[in-house]
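Topology and contacts: notes
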Amino acid sequence: MLMFQLMPGLLYVIVLTAVFTVLLVSFTAASLLSQARAIVRRRYLGSVVSRRNVYKVAKRRPILATPTALLLQVKDVETNRLLTTLKRPATMRLYEQCFYIKPYFTSGAYLIGVNDIDNVSTASNALVVTFVHEDRVIVLQCRAPRISKWRDSLRWLVSNHK
């Protein structure tokens, strides 16, 4: 009789231990992958993504801004390597000299000079910005409301600067 009373409690302990172990391993793996991508991103992008970029644009007035963007991915075309881990909500701003995107819950931001941008297009309802940094072709994809307005404004700025 005592054995039957211990079984439900023992089962709860085993289930909770298994769930906790799976969660711990998952979060550890996601954290390590994110840190590894951050190291690779710094190597590939350098000053394009940094904490100082937030301060560089703090006093400027944007031409176009949205707080509800989604950074889908940043990818090096030559090596076909993703430089981001997860899709992240972000803030996007467009200035006369640069394109700025800052993912939420991070200290750094992407700051791409308009002169470095090669191509601006849309694909699958996402803004695709292709730029060159230190002889590497990088593709940044993001989604935002009024995507055609972003595409047209970026194209206009790029054509006026080149």
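Placed above this text is the structure.
An account of the accompanying structure is given in this report. (Residues numbered from 1 in each chain as written. Predicted model: local features only at pLDDT ≥ 70, side-chain atom pairs only at ≥ 80, totals over all residues. Heavy atoms only, no water.)

1. Description of the packing of aromatic side chains
Here is the rule: Between 30 and 60 degrees the pair is tilted, below 30 it is stacked and above 60 it is edge-to-face, where a pair is any two Phe, Tyr or Trp rings, Trp via its six-membered ring, whose centres lie within 6.5 Å. Residue exposure (1.4 Å probe, protein chains only): buried if accessible area is under 20% of the type maximum, exposed if over 50%, otherwise partly exposed. Each helix corresponds to a stretch of at least 4 residues labelled H or I by DSSP, and each strand to a stretch of at least 2 residues labelled E; elements are numbered beginning at the N terminus.
For the structure on display, the rule yields 3 aromatic pairs. Where Tyr95 meets Tyr100, the ring centres are 6.4 Å apart and the plane angle is 75°; that geometry is what we call edge-to-face. Neither Tyr95 nor Tyr100 differs from the other in exposure class; each is buried. Taking 6.2 Å as the distance between ring centres and 75° as the angle between the ring planes, the aromatic pair formed by Phe99 and Trp150 counts as edge-to-face. Of this pair, Phe99 sits in strand 5 (residues 98-103) while Trp150 is found in helix 3 (residues 147-161), placing the two residues 51 residues apart along the sequence. One exposure class covers both Phe99 and Trp150, and it is buried.

2. A closer look at the state of the cysteines
What we call a disulfide is simply a covalent bond connecting the sulfur atoms of a pair of cysteines. Counted only if it meets this: Counting rule for disulfides: a pair of cysteine sulfur atoms within 2.5 Å.
All chains considered together, the criterion is met by 0 disulfides. Cys98 forms no disulfide, and the closest cysteine sulfur to it belongs to Cys142, at a distance of 14 Å. With a relative accessible area of 0%, Cys142 lands in the buried category.

3. A short note on the side chain of Asp76
Quick reminder of the rule: As used in this structure description, the phrase polar contact means that two N or O atoms lie within 3.5 Å; if the pair is within protein, one of them must be able to donate a hydrogen and the other to accept it, and residues adjacent in sequence are counted only when both atoms belong to side chains. Should any heavy atoms of two residues lie within 4.5 Å, those residues are counted as being in contact.
With respect to the helices, strands and loops of the structure, Asp76 is situated in strand 2 (residues 64-76). Since its relative accessible area comes to 0%, Asp76 is described here as buried. Among the polar contacts listed, one links the side chain of Asp76 to the backbone nitrogen of Glu78, at a separation of 3.4 Å. A polar contact is formed between the side chain of Asp76 and the side chain of Arg136, at a distance of 3.3 Å. If we ignore the near neighbours within four places in the chain, the residues touching Asp76 are Tyr44, Arg81, Leu83, Arg136, Val137 and Ile138.

4. Quick word on the pairing of strand 6 (residues 109-113)
Here is the rule: DSSP-based pairing: two strands are paired if at least 2 bridges between them are found.
Counted residue by residue, strand 6 has 4 buried out of 5 residues, so it is predominantly covered. Inspection of the sheet shows strand 5 paired to strand 6 by 4 bridges, in the antiparallel sense. Residue pairing across strands places Ile101 opposite Tyr110, the latter belonging to strand 6. Adjacent in sequence and paired antiparallel, strand 5 and strand 6 are bridged by 5 residues, among which Phe105 carries a positive phi angle near 65°.

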